[in-house]
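# Architecture at a glance
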Amino acid sequence: MMKFGLAPMSGLTLLVLSMNVAANDKYDDYGFVGGSVTVGESVFSNDGTSGGVEPNIFYNGEYGFIDGSLLNYAVLPWVGISGQWRFAEVSDDFDDIPNGINDRDGNGELGVTIGSVGARLTYLHDVTDEHNGYEVQLHLGRAFDTPFEQFTLSPYVEVDYRDAKLSNHLYSVSANESRTSGLDSFNAGSTWVYKSGLIGIYDFSEEFIGLSKLELEHHDSDSPLVQQDLGWQFSIGAAYKF
């Protein structure tokens, strides 16, 4: 089926700031926009592998960055105001979730980021009254040159803490949903999500690049909505560089 889609605090902050010195100058004042075809399996899906398409959007400059759906405006060195739209994770619009489970709508979020695009700590809070919860993200990534001059590899890891309100919105199963789906009722507390990936960038020319990405994620929740222990996605595409 074709689908369409678009982490003590002081210690983490010091880690982010210390990692920033290892960021690549190559990707200062750098951006691209394009698209990819994807294949993968969501942790919430009960129907196996599916394919789709997704946009590729990235920018890193003096006044902030855009990394996918996360936008950050730098108000001070290493400190910025961030916002994003959290696309629906549990939804038949994107994955084949169990029958009888209601879609969880996406929501808009605002917060603050400390660090850089490659080493950052981000706090995001729901501002659209969907669940009034928050998430804290610790993201670490770095680009590495390879023996092939035009090809760059960028591994990353991310740890997300989701408070009880956001987790309840995503992972809980109500009594009514339990009756209609056959899944056990479940009340979610705060949760953790662990992500990692590897991004490949190939410079075809001064204006166009090829992109490939392998993404892995694990949701540390006992919710019956989590159908798979490990979600994954592989994508390949192209983008215009600016």
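These notes cover the structure that comes with them. (Residues numbered from 1 in each chain as written. Predicted model: local features only at pLDDT ≥ 70, side-chain atom pairs only at ≥ 80, totals over all residues. Heavy atoms only, no water.)

### Here we look at the overall build of the protein chain
Looking only at helices and strands, the protein chain features three helices and 14 strands. Of the roughly 12300 Å² of accessible surface on the protein chain, 59% is carried by carbon and sulfur atoms. (Helix = DSSP H or I, 4+ residues; strand = E, 2+ residues; numbered from the N terminus. Areas by Shrake-Rupley, 256 points an atom, 1.4 Å probe, with all protein chains shown as cover.)

### Here's the deal with the nonpolar core
Phe44, Ile101, Tyr171 and Leu225 are the most contacted members of the largest nonpolar core, which has 15 residues in total. In terms of residue count, the dominant contributor to this core is helix α2 (residues 164-171) (three residues). Leaving out residues up to four positions away in the same chain, Leu225 has contacts with Val43, Phe44, Ile101, Arg104, Leu170, Tyr171, Ser172, Val173 and Leu183. Of all hydrophobic cores here, the second largest spans 13 residues; its members include Tyr30, Phe58, Phe65 and Ala239. (Core = buried A, V, L, I, M, F, W, Y, C linked by side-chain atoms within 4.5 Å. Buried < 20%, exposed > 50% of the residue type's maximum accessible area, 1.4 Å probe, protein only. Contact = heavy atoms within 4.5 Å.)

### A few points about the side chain of Glu41
Looking at the element boundaries, Glu41 is found in strand β2 (residues 30-41). At 3.3 Å, the side chain of Glu41 forms a polar contact with the side chain of Gln228. Discounting chain neighbours no more than four positions away, the residues touching Glu41 are Gly48, Thr49, Gln228, Gly231 and Trp232. (Polar contact = N/O pair within 3.5 Å; in protein donor to acceptor, adjacent residues only side chain to side chain.)

### A look at the environment of Gly40
Checked against the element boundaries, Gly40 lands in strand β2. By relative accessible area, which is 7% here, Gly40 ends up buried. When the C-alpha atoms of Gly40 and Gly231 are compared, they prove to be 7.6 Å apart, with 191 residues separating the residues in sequence. Ignoring any residue separated from it by four or fewer positions in sequence, one finds Gly40 in contact with Gly48, Thr49, Ser50, Trp232 and Gln233.

### Focus: a negative patch on the surface
A contiguous patch of negative charge on the surface is contributed by Asp92, Asp103, Asp105, Asp129 and Glu130. Looking at where Asp105 falls in the secondary structure, it is placed in the loop between β6 (79-86) and β7 (107-115). (Patch = residues over 30% accessible without salt bridge, like charges linked within 9 Å, V, L, I, M, F, W, Y side chains within 5 Å. Salt bridge = Lys/Arg side-chain N within 4 Å of Asp/Glu carboxyl O. Lys, Arg positive; Asp, Glu negative; His and termini not counted. Charge placed at Lys NZ, Arg CZ, Asp CG, Glu CD.)

### What to know about the pattern of salt bridges
Using the criterion set out here, one finds ten salt bridges in the structure. We note a salt bridge from Arg86 to Glu135, for which the minimum N-O separation is 3.0 Å. Pair noted here: Arg86 is in strand β6 and Glu135 is in strand β9 (residues 134-141), with a separation of 49 residues, a long-range link. According to the relative accessible area criterion, Arg86 is buried, its value standing at 7%. Note on Glu135: relative accessible area 1%, which makes it buried. We note a salt bridge from Arg162 to Glu135, for which the minimum N-O separation is 2.6 Å. Here Arg162, found in strand β11 (residues 151-162), pairs with Glu135, found in strand β9; they are 27 residues apart in sequence, far enough to count as distant.

### Considering the packing of aromatic side chains
Here a ring pair, both rings aromatic, is described through the centre-centre distance and the interplanar angle of the planes. For the structure shown, the criterion picks out ten aromatic pairs. Following the ring pairs from residue to residue traces out a cluster consisting of Tyr123, Tyr134, Tyr161 and Trp192. Sitting over the face of the ring of Phe144, Arg142 holds its NZ or CZ atom 5.3 Å from the ring centroid. (Phe/Tyr/Trp six-rings, centres within 6.5 Å; stacked < 30°, edge-to-face > 60°. Lys NZ or Arg CZ within 6 Å of the ring centre and 35° of its normal.)

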